[in-house]
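Residue-level structural notes
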Amino acid sequence: MTGPDTPASFKLAYVPGVTPSKWVRIWDERSPGVPLELVQTTAAEAVGLVREREVDAVLLRLPIDREGLHAIPLYTETTVVVVPKDHLVAAADEVSVDDIADEVVLHPLDDTLDWEAPPGKPALERPATTADAIELVAAGVGVLIVPQSLARLHHRRDLTYRPISGTPESGVALSWPDDETTDLMEQFIGIVRGRTVNSTRGRQQVQEKQAPAKKTPVKSNRPQAGRKPQAGNRRAPQGGKRGKPRRRG
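Anyway, here's the lowdown on the structure attached to this text. (Residues numbered from 1 in each chain as written. Predicted model: local features only at pLDDT ≥ 70, side-chain atom pairs only at ≥ 80, totals over all residues. Heavy atoms only, no water.)

**Looking at helix α2 (residues 43-51)**
As a reminder, the rule being used: Think of it in three bands: residues with accessible area under 20% of the maximum for their type are buried, residues over 50% are exposed, and the middle band is partly exposed, with areas taken using a 1.4 Å probe on protein chains only. Helical segments are the DSSP runs of H or I of at least four residues, strand segments are the runs of E of at least two, and each set is numbered from the N terminus. This arc is built from the directions going out from the helix axis to the C-beta atoms. When checking whether two residues touch, look at their non-hydrogen atoms; a contact exists if any pair is within 4.5 Å.
Looking only at α2, the buried set comprises A46, V47, L49 and V50. Projection of α2 onto a plane perpendicular to its axis shows the buried side chains occupying an angular sector of 160°, all on one side. Lining the buried residues of α2 we find β1 (10-14), β3 (57-62), β4 (69-77) and β11 (170-177).

**Examining the pairing of strand β10 (residues 159-165)**
Regular strands show a simple pattern: their side chains alternate between the two faces of the sheet. Defined as follows: Being paired, for any two strands, means DSSP has found at least two bridges between them.
Examined bridge by bridge, strand β5 (residues 79-84) and β10 share five bridges and lie antiparallel to one another. Its bridge partner being in β10, V81 is matched across the sheet by R162. Where strand β6 (residues 95-96) and β10 come together, two bridges link them in parallel fashion. In the sheet register, V95 faces β10, and the bridge partner there is I164.

**What to know about the sheet that holds β11**
Condition: Axes here refer to lines fitted to C-alpha atoms; in helices the fit is confined to the stretch in contact. Angles between the N-to-C directions go from 0 to 180 degrees.
Read across the sheet, five strands follow the order β2-β1-β3-β11-β4 without closing on themselves; strand pairing throughout is mixed. In the strand order of this sheet, the two ends are held by β2 (36-40) and β4, each with one partner. Across the sheet, the mean angle separating the axes of adjacent strands is 25° when strand polarity is ignored. Both β3 and β11 contribute to a ladder of five bridges, which runs antiparallel.

**Here's the deal with the packing of aromatic side chains**
Basically, it comes down to this: Stacked, tilted and edge-to-face are the three classes applied to pairs of Phe, Tyr and Trp rings, where Trp contributes its six-membered ring and a pair requires centres within 6.5 Å; stacked means planes under 30 degrees apart, edge-to-face means over 60, and tilted covers the rest.
A complete count under the given rule lists three aromatic pairs for this structure. Judged by centre distance (6.1 Å) and plane angle (55°), the rings of W27 and F188 are tilted. Of the two residues, W27 sits in helix α1 (residues 21-30) while F188 sits in helix α5 (residues 183-192), which places them 161 residues apart along the sequence. A relative accessible area of 0% means that W27 is categorised as buried. Here F188 falls in the buried class, since its relative accessible area comes to 0%. Put simply, the rings of F10, W27 and F188 pair up and form one aromatic cluster.

**What about the nonpolar core?**
One broad trend across soluble globular proteins is that nonpolar side chains are buried collectively. Quick note on the threshold: In this description, a nonpolar core means a group of buried Ala, Val, Leu, Ile, Met, Phe, Trp, Tyr and Cys residues linked to one another through side-chain atoms lying within 4.5 Å.
Among the nonpolar cores identified, the biggest contains 35 residues, and F10, L12, W27, L60, L174, M185 and F188 are the most heavily contacted of them. Looking at this core, the elements with two or more residues in it are β1, α1, α2, β3, β4, β11 and α5. Among the elements that take part in this core, α5 stands out by supplying six residues, more than any other. Setting aside residues up to four positions removed in sequence, F188 forms contacts with F10, L12, W23, W27, L36 and L174.

**Remarks on the pattern of salt bridges**
For the record, the criterion: Salt bridge, as used here, is a side-chain nitrogen of Lys or Arg placed within 4 Å of a carboxyl oxygen of Asp or Glu.
Under the definition given, this model contains six salt bridges. Notably, a salt bridge pairs E29 with R25, separated by 3.3 Å at the nearest N-O pair. With E29 and R25 both in helix α1 and four residues apart, the pair spans about one turn of that helix. With a relative accessible area of 54%, E29 lands in the exposed category. We note a salt bridge from D65 to R51, for which the minimum N-O separation is 3.7 Å. Of this pair, D65 sits in the loop between β3 and β4 while R51 sits in helix α2; the two residues are 14 residues apart in sequence, bridging distant segments of the chain. For R51, a relative accessible area of 30% gives the class partly exposed. One salt-bridge network, held together by shared partners, links E135, R156 and D158.

Next up, the structure:
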């Protein structure tokens, strides 16, 4: 049921590895009467959800097809390679693509990095998901290159990861329809951009803010600068000088 007494709500989708908890906490502090509903989605379905207006906005990874959508880049993730703990790569603090040139590098179908194919040797088949690829890494089939947040999300005790250079980086962005910038959307944009509670304003708040009433100037009896005061209602006769008083005989 909807009506004037039904509180408005904001629906936010997010892809795996992205953690919106900080922004949700700030939202709850600033708008306790407006529920924020979280919807977890896959990278492949993220754009479709916001295009079909099933959610108000989505936190996703770039690049995407931006036609008809706004996208505010929020931060760039470190790219890492996931390997077994006893792998030679685990002994280094950071590696490059040359260090894994002879490795089988898994390329899941839901890969979020912007490349046609990863370095190294291709596997016989592409895993369906990143989670499936992690299982194959644990089984010793190959290694996996992913954004660091996904490596943390799929953490296993028998696996580790190291930063890797020479690969694309994953950028996380906030996206919403370009013709649906509502007051609540403006409010959430302010939160993710780090605006303070005093600087965050929705469009409605700005429009409803009335200009200060113009004050009617108060007339002053004080003489204005550059003008001599007039004495009462006595006025000098017009058209000539005053005559001299006659003498009495």
